[in-house]
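Here is how the chains run, residue by residue.
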Amino acid sequence: MKKPVTVGIAGFGYWGPNLVRNFRAITECHLKAVCDLSEKRLKHMHSLYPEVTGETDYNALVNDPEIDAIVIATSARLHFPMAKSALSAGKHVLIEKPMACSTAECEELISLAKQQGKVVMVGHTFLYSAAVRKIKEIVDNRDLGDLRYIAARRLNLGLFQKDINVAWDLAPHDISIILHIMQELPQSVNCRGGASITSGIEDMTSMSLQFTKERSAIIHSSWHDPRKVREMTIVGSKRMIVYDDIAPLEKIKVYDVRVERPPHYNTFAEFQYAYHYGDTYSPYIKHDEPLRAECQHFIECINDNLVPLTSGSTGLEVVRILEASSKSLKQQGAPVMLWGGSSAPFPVMPQRATSGRNNGTSHAAPSSGTDAAHVSTPPFTGTAPVKETGRNGADHPANVPASS
Ligand SMILES: NC(=O)c1ccc[n+]([C@@H]2O[C@H](COP(=O)([O-])OP(=O)(O)OC[C@H]3O[C@@H](n4cnc5c(N)ncnc54)[C@H](O)[C@@H]3O)[C@@H](O)[C@H]2O)c1
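Remember, predicted model here, so these are calculated numbers, not experimental data.

Quick word on the overall build of the protein
Within the protein, the regular secondary structure consists of nine helices and 17 strands. Sequence separation of at least 24 residues holds for 73% of the intrachain contacts in the protein that already meet a minimum separation of 6.

As for the pairing of strand β12 (residues 224-236)
Relative to β12, strand β7 (residues 147-157) is paired through nine bridges, and the arrangement is antiparallel. Across the sheet, Arg153 pairs through a bridge with Glu231, a residue of β12. In this sheet, strand β13 (residues 240-244) lies alongside β12 in antiparallel orientation, the contact comprising five bridges. In the strand pairing of β13, Thr233 is matched with Val242. Here β12 hands over to β13 after three residues, the two strands then running antiparallel side by side.

What to know about the sheet that holds strand β11 (residues 216-222)
With respect to topology, nine strands assemble into an open sheet ordered β15-β14-β13-β12-β7-β11-β10-β9-β16, the strand pairing being mixed. The open sheet is flanked by β15 (274-281) and β16 (336-337), the only strands paired with a single partner. Sitting on the sheet, helix α7 (residues 166-182) is in contact with β7, β9 (188-194), β10 (204-210), β11 and β12, with an inclination near 155° to β11.

A few points about the packing of helix α6 (residues 130-140) against α7
Look at α6 against α7: their axes get within 9 Å of each other, and the N-to-C directions meet at 25°. In terms of their interaxial angle, α6 and α7 are classed as roughly parallel. α7 is crossed by α6, and the crossing has right-handed handedness. In this structure, α6 uses Val132, Ile135, Lys136 and Val139 to contact α7, whose residues at the interface are Ile177, His180 and Ile181. For the contact of α6 with α7, the class distribution of residues is five nonpolar, one polar and one charged.

Let's talk about the nonpolar core
Counting 104 residues, the largest nonpolar core has Val93, Leu109 and Ile178 as its most contacted members. Top element by residues in this core is α7. It accounts for 11 residues. Not counting the four nearest positions on each side in its chain, Ile178 is found in contact with Ile150, Ala152, Leu209 and Ala217.

Thoughts on the confidence of the model for the protein
With 83% of its residues at a pLDDT of 70 or more, the protein shows a mean pLDDT of 87. Predicted confidence for residues 381-394 stays below pLDDT 50, and this span has 22 contacts to residues more than four positions away or in other chains.

So, the sheet that holds strand β4 (residues 69-72)
Pairing is parallel across the open sheet formed by six strands, whose spatial order is β3-β2-β1-β4-β5-β6. The open sheet has two edge strands with one neighbour each: β3 (53-55) and β6 (120-123). Taken over all neighbouring pairs, the strand axes of this sheet differ in orientation by 25° on average, direction set aside. In terms of strand pairing, strand β2 (residues 29-35) meets β3 through three bridges, oriented parallel. Opposite Ala33, over in β3, you have Thr53 as the bridge partner. Docked against the sheet, helix α4 (residues 76-88) engages β1 (5-10), β4, β5 (92-96) and β6, running at close to 170° with respect to β5.

Observations regarding the environment of Phe80
Position of Phe80 among the secondary structure elements: in helix α4. According to the C-beta neighbour criterion, Phe80 is buried, with 21 such atoms within 10 Å. Once the C-alpha coordinates of Phe80 and Cys101 are considered, the two residues, 21 residues apart in sequence, prove to be 7.5 Å apart. With sequence-adjacent residues up to four places away left out, Phe80 is seen in contact with Ala100, Cys101, Glu105 and Leu109.

Observations concerning α4
Over its 13 residues, α4 runs 19 Å from end to end, which matches the ideal 18 Å to within 8%, given 1.5 Å per residue. Taken together, the buried positions of α4 are Ala76, Leu78, His79, Phe80, Met82, Ala83, Ser85, Ala86 and Leu87. Two residues or fewer after α4 comes Gly90, characterised by a positive phi angle close to 80°.

Re the pairing of β5
Most of β5 is tucked away: five of the five residues are buried. The alternating pattern of β5 places His92, Leu94 and Glu96 on one face and Val93 and Ile95 on the opposite face, and all of these are buried. When β4 meets β5, the two strands line up parallel, connected through four bridges. Opposite Val71, over in β5, you have Leu94 as the bridge partner. Taken together, β4, α4 and β5 form a β-α-β motif whose crossover is right-handed. As defined by bridge partners, β5 adjoins β6 across four bridges and the pair is classed as parallel.

Cut-offs and rules
Residues numbered from 1 in each chain as written. Predicted model: local features only at pLDDT ≥ 70, side-chain atom pairs only at ≥ 80, totals over all residues. Helix = DSSP H or I, 4+ residues; strand = E, 2+ residues; numbered from the N terminus. Contact = placed C-beta atoms within 7 Å. Pairing = 2+ DSSP bridges. Axes fitted to C-alpha atoms, helices over the stretch in contact; angles between N-to-C directions. Parallel < 35°, antiparallel > 145°, perpendicular 65-115°, else oblique. Left-handed = near helix turned anticlockwise from the far one by under 90°. Nonpolar A, V, L, I, M, F, W, Y, C, P; charged D, E, K, R; others polar. Core = buried A, V, L, I, M, F, W, Y, C linked by C-beta atoms within 7 Å. Buried ≥ 20, exposed ≤ 12 C-beta atoms within 10 Å, placed from the backbone. pLDDT = per-residue confidence, 0-100. Expected span 1.5 Å × (residues − 1). Right-handed = clockwise from strand over helix to strand, strands pointing away.

Here is the structure:
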């Protein structure tokens, strides 16, 4: 039997406790330490899990030779320095979304992981949900016909962030799902929004992604809405899906509806749209916790030398789109071209690496046991104010139990 992967988690605010609970439950994993700047949070953690060490200094995790992997659940601006420090010390890294605050930072992390032969994975949790897996299966079976567009709405009241706008906070989930379903990268991004509470930090954004073959997606994100909404409509030429992540049961409904234009007509009187109304059904979905699947996958990728489903490359693509959305916001919604404005092939999905760890680009480094002899470990010096925890506007898959 393989030695369990020893894990340390940084950040025990709102989301960290969910990660702690899940990593503790995985038999192939030993959760050794949790780090948070707040003594109060660590005291709480210790009351729940007395066997887990609490640290206030992140460098204690980075410099612990027993720790194989670090999970980063702190605010977005700390993702890059913390992940860089962990990778430089030869640790595998799971970074919460968004992967970092710029494409340059993501690229540096991917290259460092490649150099070190370590896994870098991003917490795009919804790709591990049974609902999204089912939607992908239906789309891949071509049951919807040709994909036309996807519309996503992720709305709630708060939590207002100070360092990132609502698109960077909430849209990473929608973007990752849309790219996963479309299997294509957009050619351009437009984004408009409004900052009605904190000047300069949009609390409402409307983003549109233009793909090839006249396919598009719209993402509406808001911290300024009375309801919690997590909805996506996937429109195909033959059928449509409505996905409601808040629904306790029947999260997905497949509508056998479509509209067709008449192929030929000579007079306006002959012109008739043909509407088809068929059955609506809700496919069976096994309700397992997406975050458990994500954590399990991270450990499997470390043990079995796999490319994660939500690899560094996936994190980079999401950040590239977010970066373009910020640029478009500054230009009052003008289109920002991506990937040279041409259709780019979507990167390969998880696979067994044939020549060592592949974080989006193949290399020949061994999958594990590689130490960081040739890379010096920069000490982590980032600090952030402790934020109040416990939110009702959580942006996680709905069947993750609320924690602390
Ligand atoms: N995958 C998902 O569905 C999902 C859901 C919610 C949040 N998230 C992500 O999780 C991350 C954390 O979000 P949150 O809502 O828990 O934030 P939070 O502010 O509630 O918690 C962050 C914690 O990090 C701690 N911290 C700050 N600086 C630190 C440092 N230098 N060393 C150690 N700890 C430090 C803070 O004390 C705080 O307890 C974000 O990146 C967010 O986007 C992901």
